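Commentary on secondary and tertiary structure
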Amino acid sequence: MSENPFEHNLLTHKLCKIADHDELPQGKTQVAAVNGREVLLCHTAEGYFAVDNLCSHAAARLCDGKLKGHRVLCPMHGGSFDVRDGVALSRPATAPIRTYQLLVNEQGIFVSLPDEAT
Ligand code: FES
């Protein structure tokens, strides 16, 4: 089996550059519009993570909230999500948000999106 997590996705996913690797300071987030969706790039002490920029509770944009450690807080009702796996951590949010695989190298930060989104 391949050690590269992207290798098995090459036929069904597409990599899209969303930032330069030194563009986003740690503790900050940045929105990238990619193929009709908004992806929220989060730079934590554990590295970069990407999630949908949409709260699963009532569709607030998470970019208007705060990133605290690996937790993103929704600006509307205070729900929160773990940006590492999308799990809802506090009510009223209960459903997870979508996460995306990232590839980070000297050329930049790339998000892996399913080809259906293109
Ligand atoms: S819209 Fe995000 S917690 Fe309600």
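The rules we used
Residues numbered from 1 in each chain as written. Predicted model: local features only at pLDDT ≥ 70, side-chain atom pairs only at ≥ 80, totals over all residues. Helix = DSSP H or I, 4+ residues; strand = E, 2+ residues; numbered from the N terminus. Buried ≥ 20, exposed ≤ 12 C-beta atoms within 10 Å, placed from the backbone. Contact = placed C-beta atoms within 7 Å. Pairing = 2+ DSSP bridges. Axes fitted to C-alpha atoms, helices over the stretch in contact; angles between N-to-C directions. Core = buried A, V, L, I, M, F, W, Y, C linked by C-beta atoms within 7 Å.

Another point: the overall build of the protein chain. Each helix and strand counted, the protein chain has 0 helices and 11 strands in total. Walking the protein chain from its N terminus toward its C terminus, one meets helices and strands in the order β-β-β-β-β-β-β-β-β-β-β. Out of the 118 residues belonging to the protein chain, those deemed buried represent 25%. Of the contacts formed within the protein chain by residues at least 6 apart in sequence, a portion of 42% connects residues at least 24 apart.

With that settled, the discussion passes to the sheet that holds strand 8 (residues 88-90). Taken together, 4 strands build an open sheet; the order of strands is 5-6-7-8 and the sheet is antiparallel. The open sheet has two edge strands, strand 5 (66-68) and strand 8, and neither has a second partner. Taken pair by pair, the neighbouring strands of this sheet meet at an average axis angle of 30°, ignoring direction. Where strand 7 (residues 80-82) lies against strand 8, 2 bridges are found, and the strand directions are antiparallel. Each bridged residue has a counterpart across the sheet, and for Phe81 the counterpart in strand 8 is Ala88.

Next up on the list: the pairing of strand 4 (residues 47-52). Alignment of strand 3 (residues 37-44) against strand 4, held across 6 bridges, turns out to be antiparallel. Counted as the bridge partner of Leu40 is Val51 from strand 4. Taken together, the 2 bridges between strand 4 and strand 9 (residues 99-100) define a ladder with antiparallel strand orientation. By the bridge assignment for strand 9, Ala50 is matched with Tyr100.

By size, the foremost hydrophobic cluster in this structure holds 23 residues, and its most contacted members are Cys42, Ala50 and Val51. Contributing elements (two or more residues each) for this core: strand 3, strand 4, strand 6 (71-73) and strand 11 (108-114). Excluding anything up to four places from it in sequence, Val51 contacts Leu40, Cys42, Phe81, Val83, Gly86, Ile97, Arg98 and Thr99.

In this section: the environment of Cys42. Tracing the backbone through its elements, the reader meets Cys42 in strand 3. Expressed as a C-alpha distance, the spacing of Cys42 and His70, which sit 28 residues apart in the sequence, is 8.4 Å. Those residues in contact with Cys42 that sit more than four places away from it in its chain are Thr29, Tyr48, Phe49, Val51, Leu67, Val72 and Val83.

If you trace the 3 strands from one edge of the open sheet to the other, you get 1-11-10, paired in antiparallel fashion. Sheet topology places strand 1 (13-19) and strand 10 (102-105) at the edges, where each strand pairs with a single neighbour. Strand-to-strand, the axes of this sheet are offset by a mean angle of 30°, without reference to chain direction. Two elements, strand 10 and strand 11, share 4 bridges in a ladder whose sense is antiparallel.

Glancing now at the pairing of strand 2 (residues 29-34). As defined by bridge partners, strand 2 adjoins strand 3 across 6 bridges and the pair is classed as antiparallel. What sits directly across from Gln30, in strand 3, is Leu41. Linkage of strand 2 to strand 3, two consecutive antiparallel strands, is achieved through a turn of 2 residues, within which Asn35 is found at a positive phi near 50°.

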